[in-house]
Amino acid sequence: MSLSEIETAYDDAGSGPAVLLLHGFPFDRSMWREQIDFLSAQGWRAIATDLRGLGETKYSGDVTTMEDMARDVAALMDDLEIDRAAVCGLSMGSYVAFEFARLFPARVRALVLAGARAQGADEAERKSREDKAQDVLNDGISPFVEAMLPDLLAPKTLAEKPVVVARVREMILRTDPRGAAAAQRGMAARRDYSADLADVSVPTLIIAGREDVIRKPDDAELIHRGIAKSVLAVIDDAGHLMNMEQPEVFNRMVVNFLRLIH
Ligand code: MLT
């Protein structure tokens with residue numbers, strides 16, 4: 001019996017200490033395929049959820065806040081009888097991870113923040129997100145996909161990894177426009193998490209893609225300065241979707257970090 005008002009779609013693989021994987025926007029849990037396979041083979045229980053309104057987790061509300069998503073994750077942990085987990089979020093997933101750590105600090109064993117940003121949205125960002133929400137509701141997501149790809153992936157990925165490019169394209173095309181619009185509004189309304197960084201007391205790994213133009217390595221630096229027990233790693237030839245672009249490097253970093261704390 002779930003405490004959540006929605007039914008969360010998820011993958012749950014392996015056994016051992018739990019690692020929760022929170023995807024970015026406008027994506028779904030399939031972006032973590034290589035991490036689920038690797039972590040579960042290396043002695044962790046990897047759980048990847050589709051956040052509210054995205055992937056196979058249906059939701060038809062107008063706004064999905066980061067708090068809604070964090071509470072859904074807590075409800076899923078209750079259902080799966082997991083008290084505490086390492087929480088790994090990429091980009092929007094990092095906002096949800098920040099929110100989760102604020103609301104449920106005792107349930108966080110460690111944080112992995114990839115392509116993350118702590119600062120909240122300013123007026124210009126809020127307006128741009130509302131415009132994008134309207135656009136996707138009016139026109140669907142397909143007109144925007146090709147323009148998004150060069151920002152999401154490093155030049156080397158675009159040139160040399162057609163399978164990754166195709167996976168990202170398909171993942172975006174599967175996104176429900178209502179879910180995308182609701183998440184845009186939720187991200188527009190997100191907290192300024194930089195105010196919370198000093199309260200994060202768990203070991204934290206911050207990962208940046210050197211070529212990420214959406215969440216630049218400077219954003220990662222700021223988080224690193226704010227969280228006392230944090231380490232920062234930068235992945236070469238990786239953009240915003242660094243875990244898909246350089247999965248071997250990303251997986252090794254995460255597992256080495258998790259081994260130190262378990
Ligand atoms: C993401 O990848 O989750 C998005 O870039 C997040 C955002 O729009 O801030």
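Note: the structure precedes this text.
Residues numbered from 1 in each chain as written. Predicted model: local features only at pLDDT ≥ 70, side-chain atom pairs only at ≥ 80, totals over all residues. Heavy atoms only, no water.

Okay, the overall build of the protein next. In terms of regular secondary structure, the protein is built from 11 helices and seven strands. Relative to its length of 262 residues, the protein is compact, with a C-alpha radius of gyration of 17 Å against a globular reference of 18 Å. Of all 262 residues assigned to the protein, the portion counted as buried reaches 56%. For the protein, the accessible area works out to roughly 11,000 Å², and carbon and sulfur atoms hold 50% of it. Distance from the positive charge centre (31 side chains) to the negative charge centre (42 side chains) of the protein: 3 Å. (Helix = DSSP H or I, 4+ residues; strand = E, 2+ residues; numbered from the N terminus. Rg over C-alpha atoms; globule rule 2.2 N^0.38 Å. Buried < 20%, exposed > 50% of the residue type's maximum accessible area, 1.4 Å probe, protein only. Areas by Shrake-Rupley, 256 points an atom, 1.4 Å probe, with all protein chains shown as cover. Lys, Arg positive; Asp, Glu negative; His and termini not counted. Charge placed at Lys NZ, Arg CZ, Asp CG, Glu CD.)

It is worth spelling out the site of the ligand at this point. Near the ligand, the surroundings consist of G24, F25, F27, S91, M92, Y95, R129, M187, I214, R215 and H240. Here Y95 contributes a side-chain N or O atom positioned 2.5 Å from an oxygen atom of the ligand. Across the complex, the protein chains shield 92% of the 270 Å² of accessible surface that the ligand would expose by itself. Of the residues contributing to the shell around the ligand, the split by class is six nonpolar, three polar and two charged. (Near = heavy atom within 4 Å. Polar contact = N/O pair within 3.5 Å; in protein donor to acceptor, adjacent residues only side chain to side chain. Nonpolar A, V, L, I, M, F, W, Y, C, P; charged D, E, K, R; others polar.)

Taken together, the buried positions of helix α9 (residues 217–226) are D219, A220 and I223. Down the axis of α9, the buried side of the element spans an arc of 100°, and every buried residue falls inside it. Turned more than 90 degrees from where α9 packs its buried face, D218 and R225 sit exposed. Residues of α9 that are buried make contact with α3 (92–103), β5 (108–114), β6 (204–209) and β7 (230–235). (Arc of directions from axis to C-beta. Contact = heavy atoms within 4.5 Å.)

What follows is about the side chain of N251. By secondary structure assignment, the location of N251 is in helix α11 (residues 247–261). If we skip the residues at most four places from it in the chain, N251 touches E34, Q35 and F38.

Quick look at the packing of aromatic side chains now. A full pass over the atoms with the stated rule returns three aromatic pairs. Plain terms: the ring middles of F98 and Y193 are 5.2 Å apart, the flat faces sit at 20° to each other, and that makes the pair stacked. Here F98, found in helix α3, pairs with Y193, found in the loop between α8 (177–188) and β6; they are 95 residues apart in sequence, far enough to count as distant. You can call F98 buried: its relative accessible area is 4%. Under the relative-accessibility criterion, Y193 is labelled buried at 0%. Ring geometry for F100 against F104: centres 5.1 Å apart, planes inclined by 50°, an arrangement best described as tilted. F104 shares its class with F100; the two are buried. (Phe/Tyr/Trp six-rings, centres within 6.5 Å; stacked < 30°, edge-to-face > 60°.)

As a further point, take the packing of helix α1 (residues 33–41) against α11. Orientation of α1 relative to α11, taken along the N-to-C sense of each, is 45°, at an axis distance of 10 Å. The pairing of α1 with α11 is recorded here as oblique in orientation. Where α1 crosses over α11, the handedness of that crossing is right-handed. Contacts between α1 and α11 pair E34, Q35, F38 and L39 from the former with P247, F250, N251, R252, V254, V255 and L258 from the latter. The residue makeup of the contact of α1 with α11, split by class, is seven nonpolar, two polar and two charged. (Axes fitted to C-alpha atoms, helices over the stretch in contact; angles between N-to-C directions. Parallel < 35°, antiparallel > 145°, perpendicular 65-115°, else oblique. Left-handed = near helix turned anticlockwise from the far one by under 90°.)

We now examine the pattern of salt bridges. Where charged atoms from two side chains of opposite charge approach closely, those side chains can pair. If you walk through the whole model with that rule in mind, you get 23 salt bridges. Note that E34 is salt-bridged to R167, the shortest N-O span being 2.8 Å. With E34 in helix α1 and R167 in helix α7 (residues 162–173), this pair connects stretches of sequence that are 133 residues apart. For R117, the salt bridge is made with D219, and the minimal N-O distance between the two is 2.9 Å. Taken as a pair, R117 in the loop between β5 and α4 (123–139) and D219 in helix α9 lie far apart in primary sequence, 102 residues in all. As far as burial versus exposure is concerned, R117 and D219 are alike and both buried. (Salt bridge = Lys/Arg side-chain N within 4 Å of Asp/Glu carboxyl O.)

Looking now at the nonpolar core. Counting 86 residues, the largest nonpolar core has M92 and V168 as the members making the most contacts within it. When near neighbours in sequence (up to four residues on either side) are disregarded, M92 contacts H23, G24, F25, L51, L54, M66, M69, A183 and M187. (Core = buried A, V, L, I, M, F, W, Y, C linked by side-chain atoms within 4.5 Å.)

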